[in-house]
Amino acid sequence: MGNKKAQQAHESQTGGGVGRRSLLGAAVLGTGAAALAVPGTARAADRDSDASHADRSVNGRGYKALPVPTIIGHRGASGYRPEHTLGSYQLALDMGAHIIEAGDLVPTKDGHLVCRHEPEIGGTTDVSAHPEFASRKTTKILDGVSTTGWFTEDFTLAELKTLRAKERIPATRQRNTLYDGRWEIPTFEEALAWRAEQSRKRGREVWIYPELKHPTYFRKLGLGVEERLARILRAHGLHRKNSPVIIQSFEPTSIQRMNKLVDNPLAVLLSTASSRPADFVDSGDPRTVADLITPKGLAEIATYAQGIGPTLDLIIPKDASGKLTQPTTLVKDAHDAGLILHPYTMRNENTFLPADFKKGTDPNAYGDAFGAFKTYFATGIDGVFTDNCDTGLLAREDFVNG
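Residues numbered from 1 in each chain as written. Predicted model: local features only at pLDDT ≥ 70, side-chain atom pairs only at ≥ 80, totals over all residues. Heavy atoms only, no water.

A look at the overall build of the protein chain
Each helix and strand in the protein chain was counted, giving 17 helices and 13 strands. Summing over all exposed atoms, the protein chain offers an accessible surface of approximately 15,600 Å²; the carbon and sulfur share of this is 54%. (Helix = DSSP H or I, 4+ residues; strand = E, 2+ residues; numbered from the N terminus. Areas by Shrake-Rupley, 256 points an atom, 1.4 Å probe, with all protein chains shown as cover.)

What follows is the structure in structure tokens.
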């Protein structure tokens, strides 16, 4: 969930836990449900009268039954494995993450949805080592940004399946490069098959949190992602209001479109305050994220979504030195509008932490991530995306137990 984009520019381990963690999840289930506000505007009625297995498994409570704060495995366990691979998803689930972000969805030339952080795959696969694809390297304008590389929409699924995933930020996470080449690019349907298998093995529904990437860009290419996602979810019976799938996007109009196609819980991702969503730029809507996080803007979001995914800086801004200042009113304002908040992204390394929590001078060394988690949890957020699920779960345990 930038700014993921700002973070990207800066950047150039199954079960609901075992032992203490599973007991903790059960202990806070009641309080967690209370902390998750009910959306101010009712969702459209289920379009199918038959209850799915996913609905029955949570007794009709859906996302409101998730533990709070919720620990969300950002692209899986991407602090330890190449992101958006089945290996990364599996490790995050094994670690005990409550939800797995599987995955960021982008289309292939022949219309399949695959799990990649961006459509440009030069940084996350070994495509540059394939001479047969050398001529596919190109430069495109992606949401107003000139981007050079290889793009999923220029490959068939069969071609993408000849590639292997690799670590996206090897300078920061050199140890993760050990796993380069181990996993292929998963399709979203393969991620759903993995989810179903793990749900059966664990006797509970595994939650996932897919993101629609650059929907306006792809719609202009004739590769509308919302309809494709809706068809897949319906085929798997995962399109209902209590299904264990939360859908997110940085484009509000994409979430509005999904609201008409499925009944899943939905979340609008929010970048830096001064930024404008790509769909707003395309349509000429002058509003910025700062407008969307006002009480009026949040009330509008609540008419078609159940939550927001703001950058952590919208929860607690930083000063010029990178230190945290005072929390904003966003948590209260969002809760007042009936929205939950799942901000992004917590990571262990100094380079990603506020200056208050850095330790030593090595930007790639771990800082005081526990201190940072505690500070953000104290604002009342309902959960957080993190590359380091194990750290997040332990920090959550400390926080819930006081």
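Comments concerning the environment of valine 262
With respect to the helices, strands and loops of the structure, valine 262 is situated in the loop between α10 (252-261) and β10 (266-270). Of the residues examined, valine 262 reaches a relative accessible area of 0% and is grouped as buried. On a C-alpha basis, the gap between valine 262 and histidine 239 in space is 5.3 Å, while along the polypeptide they are 23 residues apart. (Buried < 20%, exposed > 50% of the residue type's maximum accessible area, 1.4 Å probe, protein only.)

Quick notes on the side chain of glutamate 349
Secondary-structure assignment places glutamate 349 in the loop between β12 (340-341) and α16 (369-377). Residue classification places glutamate 349 among the buried positions, given a relative accessible area of 2%. Contact partners of glutamate 349, with chain neighbours within four places excluded, come to Thr172, Arg173, Pro363, Asn364, Ala365, Tyr366 and Gly367. (Contact = heavy atoms within 4.5 Å.)

Let's talk about the sheet that holds strand β9 (residues 247-249)
An order of β4-β3-β8-β9-β10-β11-β12 is seen for the seven strands of this open sheet, with the pairing classed as mixed. Since the sheet does not close on itself, it has two edges, and those belong to β4 (113-115) and β12, each with one partner. Both β10 and strand β11 (residues 307-310) contribute to a ladder of four bridges, which runs parallel. If you follow alanine 267 over to β11, its bridge partner there is glycine 307. (Pairing = 2+ DSSP bridges.)

Let's talk about the side chain of threonine 379
Examined against the element boundaries, threonine 379 turns out to sit in the loop between α16 and β13 (383-386). Within the local environment of threonine 379, its side chain forms a polar contact with the backbone oxygen of tyrosine 376, the two atoms lying 2.6 Å apart. Among all residues touching threonine 379, those that are not within four sequence positions of it are Ile315, Ile316, Pro327 and Val331. (Polar contact = N/O pair within 3.5 Å; in protein donor to acceptor, adjacent residues only side chain to side chain.)

A word on the sheet that holds strand β2 (residues 99-100)
Here four strands make up an open sheet; going across it, the order is β7-β2-β1-β13 and the pairing parallel. At either margin of the open sheet sits one strand with a lone partner, and together these are β7 (207-208) and β13. Note that strand β1 (residues 70-73) and β2 share two bridges and pair parallel. By the bridge assignment, glycine 73 is partnered in β2 with isoleucine 100. Docked against the sheet, helix α17 (residues 389-400) engages β1 and β13, running at close to 175° with respect to β1. (Axes fitted to C-alpha atoms, helices over the stretch in contact; angles between N-to-C directions.)

Things to note about the packing of α16 against α17
Remark: α16 packs on α17, axes separated minimally by 9 Å, with the N-to-C direction vectors making an angle of 55°. Taken together, the axes of α16 and α17 lie oblique to each other. Crossing angle aside, the handedness with which α16 passes α17 is right-handed. Side by side, α16 and α17 meet where Ala369, Phe370, Phe373 and Phe377 of the first sit next to Thr391, Gly392, Leu394, Ala395, Arg396 and Phe399 of the second. (Parallel < 35°, antiparallel > 145°, perpendicular 65-115°, else oblique. Left-handed = near helix turned anticlockwise from the far one by under 90°.)

Side note on the environment of glycine 338
Here glycine 338 is to be found in the loop between α15 (330-336) and β12. The buried category is assigned to glycine 338, whose relative accessible area is 4%. A sequence separation of 31 residues divides glycine 338 from glycine 307, and the C-alpha atoms of the two residues are 8.1 Å apart.

A word on unusual backbone geometry
Glycine aside, residues mostly have negative phi, and peptide bonds are mostly found in the trans state. With omega at -5°, the peptide bond leading from valine 68 into proline 69 counts as cis. Secondary-structure assignment places proline 69 in the loop between α4 (53-57) and β1. Following alanine 102, the chain continues to glycine 103 via a peptide bond in cis, the omega torsion being 0°. If you trace the backbone, glycine 103 turns up in the loop between β2 and β3 (104-107). The phi dihedral of histidine 84 is positive, around 50°, even though this residue is not glycine. A relative accessible area of 0% means that histidine 84 is categorised as buried. Although it is not a glycine, aspartate 143 adopts a positive phi angle of roughly 50°.

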